[in-house]
Amino acid sequence: MAQQMTGARMVVQALKDQGVDVVFGYPGGAVLPIYDEIFQDQGIKHILVRHEQGAAHAAEGYARSTGKPGVVLVTSGPGATNAVTGITDALMDSIPMVVLSGQVPTFMIGSDAFQEADTVGITRACTKHNWLIKDTEDLAGTIHQAFHVATSGRPGPVLIDIPKDVQFASGTYVGPNEIKPGHYQPRVKGDTEIITDLVAAIETAERPIFYTGGGVINSGKVASQLLREFVEATGFPITSTLMGLGAYPASGEHWLGMLGMHGLYEANLAMHGCDLMINVGARFDDRITGRIADFSPHSVKAHIDIDPSSINKVIRTDFPIIGDIAHVLEDALRIWKARGRKVNKAGLAKWWAQIEEWKAVNCLYFKNSDKIIKPQYAIQRLEALTKGHDRYICTEVGQHQMWAAQFMGFEDPHRWMTSGGLGTMGYGLPASVGVQVAHPEALVINVAGDASWLMNMQEMGTAAQYDLPVKQFILNNERLGMVRQWQELLHGERYSHSWSEALPDFVKLAEAFGGKGIQISDPADLDDAIMEMINYDGPVIFDCLVEKHENCFPMIPSGEPHNNMLLGEASTKDAIGSSGAVLV
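Quick caveat: nothing in here was measured; it's all calculated off a predicted structure.

The rules we used
Going along each chain's sequence as written, the residues are numbered from 1 onward. Residue-level local features of this predicted model are given only where pLDDT is at least 70; pairs of side-chain atoms are given and counted only at 80 or more, and the full residue set underlies all totals for whole chains, interfaces and linings. Side-chain metrics in this entry use all non-hydrogen atoms of the structure; hydrogen atoms and water are not considered. In DSSP terms, a helix is any run of H or I states spanning at least four residues, a strand is any run of E spanning at least two, and both are numbered starting from the N terminus. Each helix should span, by expectation, one fewer than its residue count multiplied by 1.5 Å. Relative accessibility decides the category of a residue: with a 1.4 Å probe and only protein chains considered, values under 20% of the type maximum give buried, values over 50% give exposed, and everything between is partly exposed. We call two residues in contact whenever any of their non-hydrogen atoms come within 4.5 Å of each other. In this analysis, strands are considered paired if DSSP registers two or more bridges between them. What counts as an axis is a line fitted to C-alpha atoms, over the stretch in contact for a helix, and the angles between N-to-C directions run from 0 to 180 degrees. If you view a crossover with the strands going away from you and the path from the first strand over the helix to the second runs clockwise, you call it right-handed.

Observations concerning helix α3 (residues 52-66)
Move 1: For α3, which comprises 15 residues, the first-to-last C-alpha distance of 21 Å matches the rise-based estimate of 21 Å (1.5 Å per residue) to within 8%.
Move 2: In terms of burial, α3 is a largely internal element, 14 of the 15 residues being buried.
Move 3: Positive backbone phi, at 85 degrees, marks glycine 67, one or two positions downstream of α3.

Details of the side chain of histidine 57
Move 1: As for its position among the elements, histidine 57 is in helix α3.
Move 2: Exposure remark for histidine 57: the relative accessible area of 0% places this residue in the buried category.
Move 3: The contacts of histidine 57, once residues within four sequence positions are left out, are Thr85, Gly86, Asp89, Thr424, Gly426, Tyr427, Pro430, Ala431 and Asn456.

Focus on the sheet that holds strand β15 (residues 391-395)
Move 1: Strand order in the open sheet formed by six strands is β16-β15-β17-β18-β20-β19, and the pairing between neighbours is parallel. Either end of the sheet is taken by a strand with one partner, and the two such strands are β16 (416-417) and β19 (516-520).
Move 2: Here six bridges tie strand β18 (residues 471-476) to strand β20 (residues 540-545), and the two strands are oriented parallel to one another. Along β20, the bridge assignment pairs leucine 475 with cysteine 544.

Some remarks on the sheet that holds strand β6 (residues 129-132)
Move 1: Within the open sheet, the six strands sit side by side as β3-β2-β4-β5-β7-β6. Their pairing is parallel. Where the open sheet ends on each side, the last strands, each with one partner, are β3 (45-48) and β6. Within this sheet the neighbouring strands show an average axis-to-axis angle of 20 degrees, counted without direction.
Move 2: Relative to strand β7 (residues 157-163), β6 runs parallel, the two sharing four bridges. Its bridge partner being in β7, histidine 129 is matched across the sheet by valine 158.
Move 3: Sheet contacts for helix α2 (residues 32-41): β2 (22-25), β3, β4 (70-74) and β7; angle to β4, the most-contacted strand, approximately 125 degrees.

Re the environment of leucine 348
Move 1: Within the fold, leucine 348 resides in helix α14 (residues 345-359).
Move 2: For leucine 348, the contacting residues outside a window of four places in its chain are Glu206, Pro208, Thr234, Gly235, Phe236 and Val343.

A look at the pairing of strand β5 (residues 97-103)
Move 1: With seven of its seven residues buried, β5 lies for the most part within the structure.
Move 2: Burial of the side chains of β5 extends over both faces: Met97, Val99, Ser101 and Gln103 are buried on one face and Val98, Leu100 and Gly102 on the other.
Move 3: Pairing of β4 with β5 involves five bridges; the strand directions are parallel. If you follow valine 72 over to β5, its bridge partner there is valine 99.
Move 4: What joins β4 to β5 is helix α4 (residues 78-92), and the crossover it makes is right-handed.
Move 5: Note that β5 and β7 share seven bridges and pair parallel. Bridge pairing links glutamine 103 to proline 163 in β7.

By themselves these figures say nothing about function.
Written as structure tokens, this is what we have:
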């Protein structure tokens, strides 16, 4: 029997029917009817953030670490516009998110009413789809459709703008099983003929490589398991983008590490020198390809992606396969096994011998110190002392992010939360809040830089309010580290506004928020301090004072081909330039 209820009640009921257990939000006049229903229902946990950007990033952290969509509730005008950065971040990194925004009453739309903004217009370019609800009868069905769009195909954010009069008015509630299937039904099965052609190429390739991305993780656990089986069965090397870390275990014998602008030497050169590139759920973004014209010029390329618009958008591919990664890998494995499990063993042996030579360069080498903490060493020790835990790692954006990706190992998907495509400073703290909400017993660490962390530091208040023991591991170099590095290497050492001035006392700041502060500057004290951070039952700000002008290598200079890397003080005979880096 059809149920009559207010629009505000519909919102809460629809969220519950979609299996939502937590919402990240901030109240305001245009969403007070919904907040009143949340208060009366008590069936959904609401996390009060300190800023709407924090709500969106927290929802991203929740989604990335669980595989479930994150839900955001914000008011009209500045509430919605504050969330735009997090929404755009989710779009770039294919994170499923449902944003519910309040709006002025329908009869006031267009009148420049108090806290009115054209939210649908503003978010059109940064959502998979968005809706403005003008009739309460349409509300419940639209919410169910929104969850379908956010989680189907290539995941991403959607937004529903709900005027206040629609929330007050009554209408007929429909459940998720009572609505017609939406028009959006992404194709999940790949073209068998093209998959068979790819298998034939796999059988003869001399220098193959799997190039994997976040799409493997978004496809689900089965996709990661099938990828691992394929890699072990073929013996092919595998690399990953920043977003794909954990889809294949870092301890796996075929792992080459991350590729890209700050990827490993062996991964980038293997990509450049391969004859068969199998792109699984990555999008050929510019941090990977470098100069397009010189990207892996002698390889045939396969691209497996559920998003048709990603195929041939940046790089022309020889085997374009549109479909869900789990389905496509399952079919490819089945066909490859049926044809006799063939690979080019002689070619593969020579290829691995070449890769081992590249590995011997030891591209992550750095000159350690017993006087000052090197940031790489700090991350190495953090990795060593936490890897046995039930651990989730978030990051802000900058040098620390790349060092975390280089020196920390991920054995499973959903353990690594970072802002990839948009590169959003301020992402990590609120993301760690979202992860900790989803996994209250886990060790959640945000690897941060001093400048990036300050962008959303107010979310320490959220951590304190909800007793979330998130650990903020700040590599404090008193610089905008990556900006300073580019200025050193590419702008004649003109450090224009890249030195942090008037930094807070992070220990006092932690205490002011009701947490614990730890400051460390001596490498000899580092291990004990990290253990103190881990063992403290509450939020921690760990202020790790590190070498101020350390650079992050390898590095592909902007606009250069991806085999043209700057290396640090690596074991190489090549001449060292004035920057202390080696161009190879």
